Amino acid sequence: MENMTIIIGAGIPVIVMLVMFMFGLYSRRNTGWVMLCLIWGAVSYGAFTLLNPKLLEMGLSKEAINIAFTPLIQQGLISLGIFFVVYREKFDNLVDGAVYGIVSGLGYAAYENIENLLPHLEENMGLLAIQAISVSLVYATASGIIGIAISQFYFRHRANRITLLLSGLGGGIGYIALYNALNFYKIGGDFLSAAFGIGGITIV
């Protein structure tokens with residue numbers, strides 16, 4: 001059963017990456033950077049799991065942590081990785097920025113999926129798969145938005161580039177905050193969450 005958890009949790013992000021490769025969103029030219037972003041996304045989740053107990057010790061409610069602090073910390077960590085890759089690669093292409101963001105989000109989602117699915121192995125595997133798809137697509141969407149914003153900030157030296165960066169960060173963080181709020185308050189159920197993820201990645 002644990003193998004099934006890994007297949008569902010990590011398999012969905014891998015499938016998304018394969019589809020992206022098939023449609024030419026990235027190529028062998030930048031596969032190394034893409035894999036680095038995937039790993040960084042997973043590392044970011046590991047870092048957040050270490051920070052989470054500290055937030056509880058500070059007296060923050062689970063509601064505040066889930067809806068406000070989780071998206072902020074998550075996308076803050078992922079943004080650092082995306083900026084590093086954009087800075088080192090110096091390839092002026094907004095699609096690349098989106099891809100690095102999406103893949104970072106998928107790495108974060110893969111780790112979170114595996115950890116969150118393990119306690120629920122005896123439940124409906126179909127619903128668990130829907131949950132994993134939702135999480136993967138929502139994180140990919142939010143991080144993709146931020147990847148585009150960081151690329152704009154770094155390469156487009158305009159007077160409003162700070163506004164572009166902050167708008168992208170706000171959009172990505174807000175997207176996850178809204179998704180987390182839907183789940184926290186049990187609004188719409190699993191299928192609405194899946195639709196939320198699919199709709200978001202379509203927008204990107």
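Described in the following lines is the structure provided in the data block. (Residues numbered from 1 in each chain as written. Predicted model: local features only at pLDDT ≥ 70, side-chain atom pairs only at ≥ 80, totals over all residues. Heavy atoms only, no water.)

Let's shift gears to the overall build of the protein chain. Of regular secondary structure, the protein chain possesses seven helices and zero strands. Moving toward the C terminus, one meets the helices and strands of the protein chain in the order α-α-α-α-α-α-α. Counting every position in the protein chain, which comprises 204 residues, the buried fraction comes to 46%. When contacts within the protein chain are restricted to residue pairs at least 6 apart in sequence, those whose partners lie at least 24 apart make up 79%. Surface accessibility of the protein chain: about 10,300 Å² in total, with carbon and sulfur atoms responsible for 70%. (Helix = DSSP H or I, 4+ residues; strand = E, 2+ residues; numbered from the N terminus. Buried < 20%, exposed > 50% of the residue type's maximum accessible area, 1.4 Å probe, protein only. Contact = heavy atoms within 4.5 Å. Areas by Shrake-Rupley, 256 points an atom, 1.4 Å probe, with all protein chains shown as cover.)

A few words on the packing of aromatic side chains. According to the stated counting rule, one finds eight aromatic pairs in the structure shown. Summarising the aromatic geometry, the rings of Tyr45 and Tyr111 are spaced 4.8 Å apart at their centres and angled 55° between planes, so their arrangement reads as tilted. Residue Tyr45 is located in helix H2 (residues 31-57), and its partner Tyr111 is located in helix H4 (residues 94-117); the two are separated by 66 residues in the primary sequence. We classify Tyr45 as buried; its relative accessible area is 6%. With relative accessibility at 35%, the residue Tyr111 sits in the partly exposed group. Counting every residue linked through ring pairs, the aromatic cluster contains Tyr45, Tyr108, Tyr111 and Tyr139. (Phe/Tyr/Trp six-rings, centres within 6.5 Å; stacked < 30°, edge-to-face > 60°.)

The next point concerns the nonpolar core. The biggest cluster of nonpolar side chains holds 41 residues, and the ones touching the most others in it are Met17, Met20, Val34, Val103, Leu106, Val138 and Tyr139. Those elements that provide at least two residues to this core are helix H1 (2-22), H2, helix H3 (62-89), H4, helix H5 (125-155) and helix H6 (161-184). Here the element with the most residues in this core is H5; it accounts for 11 residues. With sequence-adjacent residues up to four places away left out, Val34 is seen in contact with Met17, Tyr26, Val99, Tyr100 and Val103. Counting residues in hydrophobic clusters, the runner-up holds five residues, among them Ile8, Ile12, Leu128 and Ala132. (Core = buried A, V, L, I, M, F, W, Y, C linked by side-chain atoms within 4.5 Å.)

On to H2. Counted at 1.5 Å a residue, the expected span for H2 with its 27 residues is 39 Å, and the 40 Å between its end C-alpha atoms agrees. Remark: the principal bend of H2, roughly 25°, maps to Leu50, with a proline, Pro53, within the next four residues. For H2, the full list of buried residues reads Val34, Cys37, Leu38, Gly41, Ser44, Tyr45, Gly46, Phe48 and Leu55. Just downstream of H2 lies Gly59, where phi reads positive at about 90°. (Expected span 1.5 Å × (residues − 1). Bend = angle between axes of the 7 residues up to and from the residue.)

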